[in-house]
Each structure stands twice: as C-alpha cells, then as structure tokens.
Amino acid sequence: ATNVGRVRDRIASWLRPVPEISSLAVIPLENLSHDPEQEYFADGMTDALITDLAKMGSVRVTSRASVMRYKGSKKTIREIAQDLGVDAIVEGTVMQSGNRVRITAQLIQASTDMHLWADAYERDLNAVLDLQGKVATDIARRVNILVRPLEQTRSVKPEAYGLYLKGRYAFSQYTDDGWQQAIENYNKAIASDPTFAPAYSGLADAYLVAGAYSVIPTQEALNRGKAAAAQALKLDDKLASAHYAMGTAYAWYDWNWAAADKEFHRALDLNPNDAM
C-alpha cells in the first residue's frame, strides 16, 4: 500500500482518540486591570468557575485551596499539572471595566502543552452568573464529560455581586479581620439585593466560623448564622452551600447530629464535588 503525501498517517492521526481528561485544575485567572482593588473580582471568578465545573460531571476538579498558591506563579503549565496530578489546566484572564466584564479562558492538555479550546466572553455585570455558567459548560463539553445542566441562573445587581465577591475574598483569608470584613460585605450585598441567596449563605458561613474562633460571641454567631442560612434556603432550597451552612450550625453549635447529617447529605446530593 502507498502512503502518498503521508495521507495515511494524517488520517490515522485524525482518527486517533483524544487523550482522556479525567482531572483538571483552574489556575487563578489573571487580573488584567492591574488594579489591586479588583483582585477580589478575579479570585471570585476563579472560585465560581471551579465550583461550576465541579457540578457538571465525573471529571475531578482540583479545589480552590490547592490552586491558589499558583497565583502569579512562573511555573510552566506542565509543571503545575504534575504538581497537582491533573490531565489538563484551565487558565485565563478577567477584566472588569465599568459595568462590563470580559473573561478569556483556555483549556491546555498538560502532557502535550496543546491548546484544546479557547474563547472569550463579555457580558454586562448583571448577567455575570450566566457568563460563568457558559464558560464552565463550554469547557465541560470540550473535555467530553457528561454535562449536568447548572441550576437556572438569575440576574443579580452588579453592586450586590461585587460585594458578594469581596465577602468571599475576605472570608478566604481566614483571619479575624477577614471574617469581620466578610460579614460586612455580605450584609451590604444583601442590602443591595435582598433576593440574592448566595450572599445569605456566605453570611451564614462567616458568622459560624467567626463564632467558632471567638471573633464574635457564640450565641450571636449561632443566631445570626442560622437565620442567614434559613433565609438562603427560603430563597433557594437547592443551594448546596446553604444546606452546608445549616449543617455546620447544627454540628458545631447544637450538637444535633441527626439534623446535621440530614443537611450535609442534602448538600452532597446537590453538589457532590464541593470541597467544603
């Protein structure tokens, strides 16, 4: 048989299956504004992308705690992938300008350093939840995993969402001051948009952790934390983080193991890939 112009080789390469991607990591999106005041936004978008991807299927997604140390890292994609033990890396940029946000993202196969997918997205800030879902869905489809549709997204006031991201950024510092700032920002987000359930869930977490570390009085932490978690569930009973927060209140404060077990299992049913 002939192989004129290496046609047979090229056909074989086209038919060769794409290497399976069973695990990936989202390294911190780069803040292109270079404004330190916008750093919370880039970190928040990274966190949201990790969370949304983890909801979608059987692919293993590295947790936020493991990837944040690569923020600003000079390591190569292959080195980071080897460190984390993943098949692929998602990297990208985020830039907020006025009431618009632009995200670029690309999926890179670690073993070959090949770019498997890349795209850019731009939306009004009040549609940023939909933007996150679209990026996550596109990546999930590209790595050929079974995609489970994300919960129906809703509009959120830009001011409220920005304050919510500031709250998450402050909470993740895991310091007394960080928890106080998180509580302040979550409360401001709720004042801006009282129907935004994730802000109540974040507020519940902040109160409960702050109380556990004696940053605020125990009874205040329990009362306010439970009330915030209950409001989050009233607004969205399919919000896994709200069930987790309620379970934490039952476990850490009430020692009500049966109620905690029920809430934790419900959270796991809703989002089994959430590291918390």
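Coordinates for the structure precede this section.
All figures in this text were calculated on a predicted structure; none of them were measured in a lab.

(A) The pairing of strand E5 (residues 100–109), seen in detail. Relative to E5, strand E4 (residues 88–97) is paired through 10 bridges, and the arrangement is antiparallel. Looking at the pairing, Ala88 lines up with Gln109 of E5. Joining the antiparallel neighbours E4 and E5 is a turn of two residues, in which Gly98 adopts a positive phi near 60°. Two elements, E5 and strand E6 (residues 114–124), share 10 bridges in a ladder whose sense is antiparallel. Residue pairing for E6: Ile103 is matched across the bridge by Tyr121. A loop of four residues connects E5 with E6, the two strands running antiparallel in sequence, and Asp113 in this loop sits at a positive phi of about 60°.

(B) Representation of the pairing of strand E1 (residues 23–26). Of the two faces of E1, the one lined by Ser23 and Ala25 and the one lined by Leu24 and Val26 are each fully buried. With two bridges joining them, E1 and strand E3 (residues 60–61) adopt parallel strand pairing. Following the sheet pairing, Leu24 is matched in E3 by Val61. Pairing of E1 with E4 involves three bridges; the strand directions are parallel. Looking at E4, one finds that Val26 is bridged to Val90.

(C) Region of interest: the packing of aromatic side chains. Tallying each qualifying case throughout the model produces 11 aromatic pairs. Three or more aromatic residues joined by ring pairs form one cluster here, namely Tyr161, Tyr164, Tyr186 and Phe196.

(D) Region of interest: the pattern of salt bridges. A full pass over the atoms with the stated rule returns 12 salt bridges. Put simply, Glu122 and Arg102 hold a salt bridge, and the shortest N to O gap is 3.8 Å. Residue Glu122 is found in strand E6, and its partner Arg102 is found in strand E5; the two are separated by 20 residues along the sequence. The class of Glu122 is partly exposed, set by a relative accessible area of 37%. Taking the relative accessible area as the measure of exposure, Arg102 reaches 41% and is therefore partly exposed. Each of Arg100, Arg102, Glu122 and Asp124 takes part in salt bridges that share partners, so that together they form one network.

(E) Quick peek at helix H6 (residues 158–171). Taking 1.5 Å of rise per residue, 14 residues should cover 20 Å, and H6 covers 20 Å from first to last C-alpha, within 8% of that figure. The complete set of buried residues in H6 reads Ala160, Tyr161, Gly162, Leu163, Tyr164, Leu165, Gly167, Ala170 and Phe171.

(F) Structural detail: helix H11 (residues 257–270). The first and last C-alpha atoms of H11 sit 20 Å apart over 14 residues, in line with the 20 Å expected at 1.5 Å per residue. Those residues of H11 not exposed but buried are Ala259, Ala260, Glu263, Ala267 and Leu270. End-on, the buried residues of H11 take up no more than an arc of 100°, which puts them together on one face. Exposed and facing more than 90 degrees away from the buried side of H11 are Trp257, Ala258, Lys262 and Asp269. Structurally, H11 contributes buried residues whose contacts are with helix H9 (218–235) and helix H10 (240–254).

(G) Spotlight on the layout of surface pockets. Here the second largest pocket defines a volume of roughly 380 Å³. Lining the second largest pocket are 21 residues, and of these Pro28, Leu29, Glu30, Gly72 and Gly92 sit closest to its centre. Elements represented by at least two residues in the lining of the second largest pocket include exactly strand E2 (30–31), helix H4 (77–84), E4, E5 and E6. Tallying contributions element by element places E5 first for the lining of the second largest pocket, with three residues.

(H) Geometry of empty space enclosed by the protein. Counted under the stated rule, the structure contains two cavities of 30 Å³ or more. In this structure, the largest cavity occupies an estimated 40 Å³ of space. Contributing to the lining of the largest cavity are Asn31, Ser33, Gln38, Phe41, Ala42, Val94, Met95 and Gln96. Within the residue set of the lining of the largest cavity, elements represented by two or more residues are helix H2 (39–54) and E4. A total of three residues in the lining of the largest cavity trace back to one element, the largest contributor, which is E4. Of the residues contributing to the lining of the largest cavity, the split by class is four nonpolar, four polar and no charged. Estimates place the volume of the second largest cavity at around 30 Å³. Around the second largest cavity, the lining residues are Leu29, Met45, Leu49, Ile103, Gln132 and Val135. Considering only residue class, the lining of the second largest cavity consists of five nonpolar, one polar and no charged.

Scoring rules and cut-offs
- All residue numbers refer to position in the chain's written sequence, counted from 1.
- Per-residue local features are limited, in this predicted model, to residues with pLDDT of at least 70; the limit for side-chain atom pairs, both in listing and counting, is 80 or more; totals at the level of whole chains, interfaces and linings are taken over all residues.
- To get the side-chain values, all heavy atoms of the structure are used, and hydrogens and water are removed first.
- A pair of strands is considered paired only if DSSP assigns at least 2 bridges between the two.
- Runs of H or I in DSSP of at least four residues are treated as helices and runs of E of at least two as strands, each being numbered from the N terminus.
- Exposure is judged per residue with a 1.4 Å probe applied to protein chains only, and the accessible area is read against the type maximum: over 50% gives exposed, under 20% gives buried, and values in between give partly exposed.
- Only centres within 6.5 Å qualify two rings of Phe, Tyr or Trp (six-membered ring in Trp) as a pair; their planes then separate them into stacked at under 30 degrees, edge-to-face at over 60, and tilted for everything else.
- Definition used for salt bridges: Asp or Glu carboxyl oxygen within 4 Å of a side-chain nitrogen of Lys or Arg.
- Here, expected helix span is obtained from the residue count minus one, scaled by 1.5 Å.
- In this context, the arc is that of the directions from the helix axis out to the C-beta atoms.
- Contacts are assigned to residue pairs with any non-hydrogen atoms lying within 4.5 Å of each other.
- A cavity, in this analysis, means grid points on a 1 Å lattice covering only the protein atoms where a 1.4 Å probe fits yet has no way out; a pocket is instead an open set bounded by protein on both sides within 12 Å along at least five of seven lines, and a residue lines either one if it has an atom within 4 Å of a point.
- Grid points are joined across faces, edges and corners, and a volume is the space filled by probe spheres set on the points.
- Three categories are distinguished: nonpolar for Ala, Val, Leu, Ile, Met, Phe, Trp, Tyr, Cys and Pro, charged for Asp, Glu, Lys and Arg, and polar for the others, with Gly belonging to the last.

Purely geometric stuff here, so don't read any function into it on its own.
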